[in-house]
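Topology and contacts: notes
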Amino acid sequence: MSFPNSVDYIVTRKCDMNCGVCWGSNMPDYKKDMPIDVIDAVTENGVKQLVFTGGEPLLEDKLPDMLYRAKQDGLTTFLFTNTNLLGQRHKEILPYVDKTSFSLDGYNDETNAQARKPGHFANVLQALDITSKYPDISFQVLTVVTKKNKDILDDIGAVLKKYADNPRFTWKLNYYQAIGRHPEKFRLDYEEFETVAQKTVERFAGVIPVRYSVPVHDIAYLFIMPDGNMYTTVGEDYVQAGNILKPETWNQNILDEINRNIAEREKVIAGRMKR
Ligand code: SF4
């Protein structure tokens, strides 16, 4: 039975934002909360990296314990956060984090708030300033490219240049997945996304390392909830792949397909690098 090298752990469904581009707004519910068992189980089953996400993981009091356990188990820890609480909590959290990802969709508070909320822009910049001082953490800014910001990517890049001297910094442009609250307001077709993303890669070549996401989304990620239930996405739906704590429930066909699609994604990325 083989699991992907990297899986997403949904620490909580709670969030203090209500982003228009949220892909996690209709996540499956759960009753039990067994994070340490789940972390040990992913490690025992060969997973190498655990992505701590949500919802907003910093709303969970037990997050430092979870990160600590993951590090003890030898996992790479990757924290996706909206940054709102990082200023308050970074001292108890960042010592156990290997990589971080912060969402930023505009070049000032007004443009960023079209997809996020007022005040969020300053929190992201503060989080970047804090994280860049931790010498062992790789940090990325993730921009969801939509109808709202496709023409201001150069301006966002101009804000990010400040961090580009740091060799651990990257900028990722994400294709807006169909699981969202207002797809008609935000969604580009993939061809248009790829055109603006490629232009941005070229525009910032040698200045900021920019990557962009691939069109493979269905059955291409494995999410684990705090009760151990595992899901992947197909279009707007979450499809269950069993429970990590109960091997007899694992759906091998889904796990195999996720692994195949991850391999496909890596092939596309490797092909881009040869261009
Ligand atoms: S995109 Fe992230 S920060 Fe925004 S509402 Fe969804 S979970 Fe919260």
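Residues numbered from 1 in each chain as written. Predicted model: local features only at pLDDT ≥ 70, side-chain atom pairs only at ≥ 80, totals over all residues.

Judged by nonpolar contacts, the single largest core of 64 residues is most densely connected at Val7, Tyr9, Val42, Leu50, Phe52, Leu222 and Ile224. With near-sequence residues (within four places) excluded, Leu50 lies in contact with Val7, Tyr9, Ile39, Val42, Ala70, Leu75 and Thr77. (Core = buried A, V, L, I, M, F, W, Y, C linked by C-beta atoms within 7 Å. Buried ≥ 20, exposed ≤ 12 C-beta atoms within 10 Å, placed from the backbone. Contact = placed C-beta atoms within 7 Å.)

Time to look at the environment of Asn108. With respect to the helices and strands, Asn108 occurs in the loop between strand S4 (99-103) and helix H4 (109-112). Here Asn108 falls in the partly exposed class, since 13 other C-beta atoms lie within 10 Å of it. Each C-alpha atom, one on Asn108 and one on Ala122, is 8.4 Å from the other, the two residues being 14 residues apart in sequence. (Helix = DSSP H or I, 4+ residues; strand = E, 2+ residues; numbered from the N terminus.)

In the neighbourhood of the ligand, the contacting residues comprise Cys15, Met17, Asn18, Cys19, Cys22, Gly24, Gly54, Gly55, Glu56 and Asn82. Its residues placed into classes, the shell around the ligand shows 4 nonpolar, 5 polar and 1 charged. (Near = placed C-beta within 6 Å. Nonpolar A, V, L, I, M, F, W, Y, C, P; charged D, E, K, R; others polar.)

Pairing is mixed in the open sheet, where 10 strands are placed in the order S7-S6-S5-S4-S3-S2-S1-S8-S9-S10. At either end of the open sheet lies a strand with only one pairing partner, and these are strand S7 (210-212) and strand S10 (237-243). Pairing of S4 with strand S5 (residues 138-145), which is carried by 5 bridges, proceeds in the parallel orientation. Paired with Ser101 across the strands is Gln140, a residue of S5. (Pairing = 2+ DSSP bridges.)

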